[in-house]
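What the coordinates show
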Amino acid sequence: MCNHCYLRILPTTGYTEFMNKKLVVWFDEVDKDDIGLVGGKGANLGEMTQAGFPVPPGFIITSEAYYHFLDDNKLRPKIKDYIQNLNHNDQRSLTSVSRQIKSLILRSPIPKEVALQIVSYYHQLPTYIHAKKQKQDMVSHLLKHVNPSFVAVRSSATAEDLPGASFAGQQETYLNVVGDTNVLNKVRACWASLFEPRAIFYRSEQKFDHFKVGIAVPVQKMINSETSGVMFTVDPSTGDKKKIVIEAIFGLGEFIVQGIETPDQYIVDKYALEIVEKHIATQEKALVREGNNNVIKKLSSRIQSAQKISTSQVMELATLGKKLERHYFFPQDIEWAIEKGHVYIVQTRPITTIGKRGKPQVAKLETNQKPILLGTAASPGIVTGPVTILKSAKEIHKLNTGDILVAKETNPDYVPAMRKAAAVVTERGGRTSHAAIVSRELGIPAVVGVSDILKTLKTGQVITVDGQTGNIYKGSLISPQVKGFKTINISVDVPKTATKVYVNLAEPQIADQTSKLPVDGVGLLRAEFMIADIGIHPKKLIADKRQSVFIDKLAGGLTKFCQAFSPRPVVYRTTDFKTNEYRNLIGGKAYEPEEPNPMLGFRGANRYIASSDVFELELRAIKQVRNKGGFKNLWVMIPFVRTIDELFKVKRIMAAEGLIRTPSFKLWMMVEIPSNVILLDKFIDVGIDGVSVGSNDLTMLILGTDRDNSEVAGVFDEKNEAVLWALEKVIKTCHKRKITSSICGQAASDYPDLVEKLVSWGVTSVSVNPDAVVNTRQIVHQAEKKVGK
């Protein structure tokens, strides 16, 4: 946390009134708790620097400097006047207001005290390297090979209290900036970019106050990259957590993000650290620095089809990706660059598109027709619709709701049209391009990198887009796009089973769509995504007397699930954040200890007892949904219960809040610790209605291994005989004691033969990921036929 009360550098005297203002800070003076001061991008650059990742050094002009600039020039009233006359759904009005506000900002002077500090930090940048946090070889390389006056000037918007405020590329970035005047001008241009048409449109759509979103400006030593790219620590289009996706191009990274060039793609097995799939693309041109300018350079025919990075560099990047994911305890979207063989991380952010899909598919597109075009599958879903070709963002008014947007590539100015589109298809770009990221954000199908699409298709032509395979077909192969649905549900016959098939969920946004699947309810509703969306540590909310924020937002998320699945049960697993995950919330570091092994630390039932005030907030949200909302289908499951006494004390806290087991309120316990298996009869004696086996944690604790540690991940095996013995004992004990038994870990989704064993032992339900529901139901049906169930 940035806790200094003065600026390290005051380049001139006479500005003592700004002694307590944090106008400019070094990367190593901030961390991820400082989003309000330095924005998401700035906070992550500081966090990575402090953690020792290879981040080029730099400093950040804070949001306080931006707000001081507005106030010093008396710009707020003028900007408000422009905004009041805005119709954000009218592209001409949006463009006109944006142009007027940006002009106002760009012609206003930067206050002298701010400008002097920016220049002073800029001059010190070549020698300001936090040696304790940076690898010495990287430090030496930067000093020797990089012209210290070249910097990247980036935008970093602040929105710490605006949940869901995440969208790709709303503000500007400037590369290879050199000289005092140019740096100051680009800082002001970044401030102005907060009022780009796309940014105004997004805030207006989300009903955000335009002055609650500030902007900070990171200024970072420029890496003159020979190759650069993007890395996702899960497969962004399928959500496969076992894969890392790396995309690479020659030159600076702007061409990959903008989708101007189709990149190489390397898919890496996260645990084995092996390349399992590789696609080498042809790259015709690259963005490079020549002198003081960024120029587009045509590549020779020999280089165009060459592999962009070596296998060893792929492995080095994948290893860094795993470390970043482990550090943040959330999948990451990472921008990287390589210069003279050195790998640098220039940005990371959480992947915001996991689970943001349209209506789930229950079958693949069955057709004998050959596709007319083939590209890279970038966002899942299957739709039919008429083509609208857009040659530039100036033509977005031509696209009607339900059309399929076809373009060479997209940029943030296309977003208003993308929100109306049934699908997006681009001639260039990869899975990490703007078109791909935003399509996943919106939950619409996308296919990118489709060669010759602008020559092959015509506006008005009806096509079918399969975002799962990358195939594009002529004509309509399914029902036309239905308003309100992002993808089309292609139904298949699904057998009924005595064993219930539940679904595992976490994201409220997909509750309605997933409820259409042939499931008997939600067998595992994870709290963590809803808590992460709140974004603030509950103890900080209690300290600030804002408990209602936590209760109301959690209750709102729970209500979406209960409403969608009613009257089917929704089994909510109460929060199982570990200390390192809680520390990542705003204010978390003030309340959470640093533990050497958080998996075995302060979590689950033990936390509820020690911090009952937080648990009570959660219970009040549950009561609000059940009593005020009337959704009696909400049940509760308690995770990570180490001892009999812990279960007893948790039940006592629940009873004090008026939550007692009844025929309409079931209490389950997670079985994920060996003690749960060994002493299951005694746990049942305390009083529970059912158990659900968390096969991931149980397998790790039985075998004494860590599936996220590549050194020992190979030992992790949910079909190991010791694990199978435990599963059989749990299910048969529950059957004998007449309570329900379920399994909600990854095993039930991954291993059909294990599901057969579970059914034969008498399991009453299995809970699987949405994409495994239909297949699991069919496996269960076959298993029941074998055992005569």
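Every value quoted in this text rests on a predicted model; they were computed, and no experiment measured them.

Definitions and cut-offs
Residues numbered from 1 in each chain as written. Predicted model: local features only at pLDDT ≥ 70, side-chain atom pairs only at ≥ 80, totals over all residues. Heavy atoms only, no water. Pairing = 2+ DSSP bridges. Helix = DSSP H or I, 4+ residues; strand = E, 2+ residues; numbered from the N terminus. Axes fitted to C-alpha atoms, helices over the stretch in contact; angles between N-to-C directions. Contact = heavy atoms within 4.5 Å. Core = buried A, V, L, I, M, F, W, Y, C linked by side-chain atoms within 4.5 Å. Buried < 20%, exposed > 50% of the residue type's maximum accessible area, 1.4 Å probe, protein only. Parallel < 35°, antiparallel > 145°, perpendicular 65-115°, else oblique. Left-handed = near helix turned anticlockwise from the far one by under 90°. Nonpolar A, V, L, I, M, F, W, Y, C, P; charged D, E, K, R; others polar. Phe/Tyr/Trp six-rings, centres within 6.5 Å; stacked < 30°, edge-to-face > 60°.

**Points about the sheet that holds strand β14 (residues 342–350)**
Strand order in the open sheet formed by six strands is β10-β9-β8-β7-β13-β14, with antiparallel pairing between adjacent strands. Bordering the open sheet on either side are β10 (274–279) and β14, each of which pairs with just one other strand. Strand after strand, the sheet turns through a mean of 20° between neighbouring axes, direction not considered. Relative to strand β9 (residues 264–269), strand β8 (residues 243–250) runs antiparallel, the two sharing six bridges. Among the inter-strand pairings, Ala248 is bridged to a residue of β9, identified as Asp264. Relative to the sheet, helix α11 (residues 311–328) contacts β7 (227–232), β8, β9, β10, β13 (332–339) and β14, its axis offset from that of β13 by approximately 140°.

**Regarding the sheet that holds strand β15 (residues 373–374)**
One open sheet accounts for eight strands, arranged β15-β22-β21-β17-β18-β19-β20-β16; its pairing is mixed. Each edge of the open sheet is held by one strand with a lone partner, namely β15 and β16 (376–379). Relative to the sheet, helix α13 (residues 434–442) contacts β16, β19 (423–426) and β20 (446–448), its axis offset from that of β16 by approximately 40°.

**With respect to the nonpolar core**
Leu525, Leu558, Tyr572, Ile638, Met654, Leu727 and Leu758 are the most contacted members of the largest nonpolar core, which has 86 residues in total. Element by element, the count of residues in this core is highest for helix α18 (residues 547–565), at ten residues. The residues touching Leu558, leaving out its near neighbours within four places in the chain, are Leu525, Met530, Tyr572, Ile622, Val625 and Leu634. If you look at the next biggest cluster of nonpolar residues, it comprises 60 residues, including Ile101, Leu125, Leu194 and Leu287.

**Considerations on the packing of helix α5 (residues 112–124) against helix α7 (residues 180–192)**
Orientation of α5 relative to α7, taken along the N-to-C sense of each, is 125°, at an axis distance of 10 Å. With respect to each other, α5 and α7 are oriented oblique. Crossing of α5 over α7 shows right-handed handedness. Contacts between α5 and α7 pair Ala115, Ile118, Val119, Tyr122 and His123 from the former with Asp180, Val183, Leu184 and Val187 from the latter. Grouping the amino acids of the contact of α5 with α7 by side-chain chemistry returns seven nonpolar, one polar and one charged.

**Some words on the packing of aromatic side chains**
Within this structure, the stated rule accounts for nine aromatic pairs. Aromatic side chains Tyr66 and Trp191 sit 6.3 Å apart centroid to centroid with 55° between the ring planes, which places their arrangement in the tilted category. Here Trp191 lies in helix α7 and Tyr66 lies in helix α2 (residues 63–72), a separation of 125 residues in the sequence. According to the relative accessible area criterion, Trp191 is buried, its value standing at 0%. Judged by centre distance (6.5 Å) and plane angle (50°), the rings of Tyr502 and Trp668 are tilted. In this pair, Tyr502 sits in strand β23 (residues 500–505) while Trp668 sits in strand β27 (residues 667–671), placing the two residues 166 residues apart along the sequence. Each of the two residues, Tyr502 as well as Trp668, counts as buried. Clustering of aromatic rings is evident, with ring pairs tying together Tyr66, Tyr67, Phe69 and Trp191.

**Some words on the pairing of strand β6 (residues 215–221)**
Of all seven residues in β6, seven are buried; the element is thus mostly enclosed. Looking at chain direction, strand β3 (residues 151–154) and β6 are connected through three bridges and run antiparallel. Bridged to Ala152 within β6 is Gln220. Here strand β4 (residues 156–157) pairs with β6 via two bridges, running antiparallel. The residue bridging Ser156 from the neighbouring strand is Ala216, located in β6.

**What to know about the environment of Phe27**
With respect to the helices and strands, Phe27 occurs in the loop between β1 (24–26) and α1 (35–51). Assessed through its relative accessible area of 2%, Phe27 is described here as buried. Sequence separation of Phe27 and Val219 is 192 residues, and the distance between their C-alpha atoms is 9.5 Å. Non-local contacts of Phe27, meaning those with residues more than four positions away in its chain, are made with Leu45, Gly46, Thr49, Val55, Pro56, Pro57, Gly58, Phe59, Ile60, Pro218, Val219 and Gln220.

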